Amino acid sequence: QKEVEQNSGPLSVPEGAIASLNCTYSDRGSQSFFWYRQYSGKSPELIMFIYSNGDKEDGRFTAQLNKASQYVSLLIRDSQPSDSATYLCAVNGWDGNQFYFGTGTSLTVIP
Amino acid sequence: DVKVTQSSRYLVKRTGEKVFLECVQDMDHENMFWYRQDPGLGLRLIYFSYDVKMKEKGDIPEGYSVSREKKERFSLILESASTNQTSMYLCASSDQRGVSEQFFGPGTRLTVL
């Protein structure tokens, strides 16, 4: 059973702070790692993906991957109330086609 | 603009009815997926397809079937709807080339009475 684990939260941070979201996965054959944001009542939308160890930055978002520890994280700098949403971690396996999702972390940014 | 569309945003059906959920993508993607999403349970894969006329069971296929007669269209069928199939249903598609994200449709909120 391939598993992707996330803390369900809720995670609350003040506006302007850094939000840190974490995810672990069980399948060492996993190739690529994705972070999706899902607003209440809406479908998931991709924020960013990472497939190499280290950091990848895109605006206020930084994804971090450590394959040895089977750990991927998302940092949101200068958090805004509009960042309040559920964040889903997704991993795709060795064949690159099927995705495995965590249950999501609920983030609230307090103005 | 790439797009995945689903036939209905909201649907109300009665127990025992046959229900069809349609999904269409315009990105020429090989892979298509059906998920259901329930509070606290996350996204659960029902069925997926890597090619036309191909289907594979996901984690929770019981009570569901699928059809993929054309590359762009993937249908989810509830043969005899039950109240425990009340849920948000999400369709997604992805490319088989390179690092490819899954693109999601807007979802169908199905209520079975």
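Rules of the game
Residues numbered from 1 in each chain as written. Chains lettered and ligands numbered in written order. Predicted model: local features only at pLDDT ≥ 70, side-chain atom pairs only at ≥ 80, totals over all residues. Heavy atoms only, no water. Pairing = 2+ DSSP bridges. Helix = DSSP H or I, 4+ residues; strand = E, 2+ residues; numbered from the N terminus. Axes fitted to C-alpha atoms, helices over the stretch in contact; angles between N-to-C directions. Contact = heavy atoms within 4.5 Å. Buried area = accessible area lost by both parts, 1.4 Å probe. Salt bridge = Lys/Arg side-chain N within 4 Å of Asp/Glu carboxyl O. Polar contact = N/O pair within 3.5 Å; in protein donor to acceptor, adjacent residues only side chain to side chain. Nonpolar A, V, L, I, M, F, W, Y, C, P; charged D, E, K, R; others polar.

Undergrad: Tell me about the sheet that holds strand S6 (residues 54-58) of chain A, residues and numbers included.
TA: All names here are of chain A. Across the sheet, 5 strands lie side by side as S1-S3-S8-S7-S6; this open sheet has antiparallel pairing. Every other strand in the sheet has two partners, leaving strand S1 (4-6) and S6 as the edge strands with one partner each. Each adjacent strand pair in this sheet contributes to an overall mean axis angle of 20°, direction not counted.

Undergrad: Mind laying out the interface of chain A and chain B, listing which residues take part and the relevant values?
TA: In this complex, chain A contributes 17 residues to the contact, which on the side of chain B involves 24 residues. Between chain A and chain B lies a buried interface of about 1,600 Å² when both sides are counted; carbon and sulfur atoms form 54% of it. Sorting the residues of chain A by area buried against chain B places Asn97(A), Gln98(A) and Phe101(A) first, and these three jointly supply 32% of that buried surface. At the junction of chain A and chain B, the tally comes to 0 salt bridges. Counting across the interface, chain A meets chain B through 3 residue pairs in polar contact (both at pLDDT 80 or more). Broken down by secondary-structure element, the contributors of at least two residues to the side of chain A that touches chain B are strand S4 (32-38), strand S5 (45-50) and strand S10 (99-101) of chain A. Taken together, the residues of the side of chain A that touches chain B sort by class into 9 nonpolar, 7 polar and 1 charged.

Undergrad: Please give an account of the pairing of S6(A) that cites residues and values.
TA: All names here are of chain A. Alignment of S6 against strand S7 (residues 61-66), held across 5 bridges, turns out to be antiparallel. Note on S7: the bridge partner recorded for glycine 54 is leucine 65. Between S6 and S7, which follow one another and run antiparallel, lie 2 residues, and glycine 59 among them has a positive phi close to 65°.

Undergrad: Lay out the pattern of salt bridges with the relevant residues and their values.
TA: Here the structure, examined in full by the defined rule, presents 9 salt bridges over all chains. The partner of Arg77(A) in a salt bridge is Glu57(A), and the shortest N-O contact between them spans 3.5 Å. One end of the pair, Arg77(A), is in the loop between strand S8 (71-76) and strand S9 (85-92); the other, Glu57(A), is in strand S6, and 20 residues separate them in sequence. For the salt bridge of Lys18(B) with Glu79(B), the shortest nitrogen-to-oxygen distance reads 3.5 Å. Of the two residues, Lys18(B) is situated in the loop between strand S2 (10-13) and strand S3 (19-25) and Glu79(B) in the loop between strand S8 (73-78) and strand S9 (87-94); the sequence distance between them amounts to 61 residues.

Undergrad: Describe the sheet that holds strand S7 (residues 64-70) of chain B, and please don't skip the residues or the numbers.
TA: The strands that make up a sheet are held in pairs by hydrogen bonds between backbone atoms, and each pair lies either parallel or antiparallel. Residues and elements named next belong to chain B. Spatially, 4 strands are ordered S1-S3-S8-S7 in an open sheet, and the strand pairing comes out antiparallel. In the strand order of this sheet, the two ends are held by strand S1 (4-6) and S7, each with one partner. With direction set aside, neighbouring strand axes in the sheet form an average angle of 20°. Bridge count between S3 and S8: 6 bridges; the pairing is antiparallel. Residue leucine 21 lies in a different strand from S8, and its bridge partner there is leucine 76.

Undergrad: Lay out unusual backbone geometry with the relevant residues and their values.
TA: Of note in this structure, Asp78(A) is not a glycine but carries a positive phi near 45°. Here Asp78(A) is to be found in the loop between S8 and S9.

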